[in-house]
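Coordinates in review
Okay, here's what each chain looks like letter by letter:
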Amino acid sequence: MRLFLPFITLGVAAALLAGCNNLADGPPESRLANYGAAPPSEHAVTVCHAYGCQRKTKVVFNGADVAAISALMQKTKKADTPEEERRAVAYAVGWMETKSGEIIGTKSDRPGMDFRASGDPSQQDCVDEAMTTTGYLMFLYQRGLIKHHTVGGPVQKGKMLRGALEGNPVKYWPHWTAILKENSNGQRWAVDSWIYENGENPAVVKVEEWYIDDLNNLPKPAT
């Protein structure tokens, strides 16, 4: 049975029962390091897969790739505004995920969560998606393709205690996302690829409005 639930280790689960939200600002490098994922280099991004970053594979984006991404972002944008930049970033992340999927085999990644897929290198849970998308965003930022935002550390949100009290502890299971922080006002935006098929545009939504209810009420992909 496929469930829309992020993978979590038993050791971490105990800690999360006491408090499931981790929405504080933090440098993306330190959050990546928690899962053994390196920040992007000049030409490569670390892709997490197999659930919980059990596998980490470098994917190279060469000069032609960067040019293609830049052209896509310019084609997508209608105006030089933070809103249009977020839209362009969503298309860039979808493009990068598609290329990575072809290289390392995650093109068959199923949306949501299948507990049987833990350890399967072709599959990604929300931890994998959040850490990988953070790397993509850092890669774009380092090349000047993001200028109205900075990249924040991935954040986690969930209400396991509420679910337990309601008799359904997995309903509000902790979920991770990558973050963009708008320069002009400090607003943080969730950039969430986990919900959809590999290569689809991620959802881009205010953190306060992201995963506000439960896993049955998740945002739509950016268009």
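Here the focus is the overall build of the chain. Each helix and strand counted, the chain has six helices and six strands in total. Listed by position from the N terminus, the elements making up the chain come as α-α-β-β-α-α-α-β-α-β-β-β. Going through the 223 residues of the chain one by one, you find that 52% of them count as buried. By sequence separation, contacts in the chain at least 24 residues apart represent 64% of the contacts at least 6 residues apart.

Take Phe139: it is sitting in helix α5 (residues 126-142). C-alpha separation for the pair Phe139 and His43, spaced 96 residues apart in sequence, amounts to 8.5 Å.

One pass over the full model with this rule turns up one disulfide. Put simply, Cys48 and Cys53 are joined by a disulfide, and their sulfur atoms are 1.9 Å apart. Taking the torsion about the sulfur-sulfur bond, which here is approximately 80 degrees, the covalent link between Cys48 and Cys53 counts as right-handed. Judged by its relative accessible area of 2%, Cys53 falls in the buried class.

Looking at where Asp109 falls in the secondary structure, it is placed in the loop between α4 (82-104) and α5. Although Asp109 lies buried, it forms no salt bridge, and the closest oppositely charged side chain, Arg110, sits 6.8 Å away as judged by the N-O distance. In terms of polar contacts, Asp109 uses its side chain to reach the backbone amide nitrogen of Gln124, at 2.8 Å. Ignoring anything within four residues of it in the chain, the contact list for Asp109 reads Ser122, Gln123, Gln124, Glu129, Glu197 and Asn198.

On to the pattern of salt bridges, then. Across all of its chains, the model carries six salt bridges by this definition. Salt-bridge contacts for Lys77 lead to Asp80; the nearest nitrogen and oxygen are separated by 3.9 Å. Through salt bridges with shared partners, a single network forms among Lys77, Asp80 and Lys147.

Time to look at the confidence of the model for the chain. Confidence in the prediction of the chain, expressed as mean pLDDT, is 84, and 77% of residues score 70 or more. Every residue in residues 1-19 scores below 50 in pLDDT, and together they form 45 contacts with partners more than four places removed in sequence or on other chains.

What is expected of a backbone is that most residues other than glycine have negative phi and most peptide bonds are trans. Phi at Ala50 takes a positive value of approximately 75 degrees, unusual for a residue other than glycine. Relative to the elements of secondary structure, Ala50 occurs in the loop between β1 (44-49) and β2 (55-60). Judged by its relative accessible area of 1%, Ala50 is buried.

Further remarks concern the nonpolar core. The biggest cluster of nonpolar side chains holds 37 residues, and the ones touching the most others in it are Met73, Leu137, Leu140 and Leu180. Only β1, α3 (63-76), α4, α5, β4 (175-182) and β5 (188-192) provide two or more residues apiece to this core. Per-element tally for this core: the top contributor is α5, with nine residues.

Once that is clear, we can look at the packing of aromatic side chains. One pass over the structure, following the stated rule, counts three aromatic pairs. Relative to Trp176, the ring of Tyr35 lies with its centre 6.2 Å away and its plane at 85 degrees, an arrangement referred to as edge-to-face. Of this pair, Tyr35 sits in the loop between α2 (28-34) and β1 while Trp176 is found in strand β4, placing the two residues 141 residues apart along the sequence. The class of Tyr35 is partly exposed, set by a relative accessible area of 24%. The residue whose ring lies beneath Arg86 is Trp189, and the NZ or CZ to ring-centre distance is 3.6 Å. A cation over an aromatic ring shows up here: Arg143 above the ring of Phe139, its NZ or CZ 3.6 Å from the ring centre.

The rules behind the values
Residues numbered from 1 in each chain as written. Predicted model: local features only at pLDDT ≥ 70, side-chain atom pairs only at ≥ 80, totals over all residues. Heavy atoms only, no water. Helix = DSSP H or I, 4+ residues; strand = E, 2+ residues; numbered from the N terminus. Buried < 20%, exposed > 50% of the residue type's maximum accessible area, 1.4 Å probe, protein only. Contact = heavy atoms within 4.5 Å. Disulfide = S-S within 2.5 Å. Lys, Arg positive; Asp, Glu negative; His and termini not counted. Salt bridge = Lys/Arg side-chain N within 4 Å of Asp/Glu carboxyl O. Polar contact = N/O pair within 3.5 Å; in protein donor to acceptor, adjacent residues only side chain to side chain. pLDDT = per-residue confidence, 0-100. Core = buried A, V, L, I, M, F, W, Y, C linked by side-chain atoms within 4.5 Å. Phe/Tyr/Trp six-rings, centres within 6.5 Å; stacked < 30°, edge-to-face > 60°. Lys NZ or Arg CZ within 6 Å of the ring centre and 35° of its normal.

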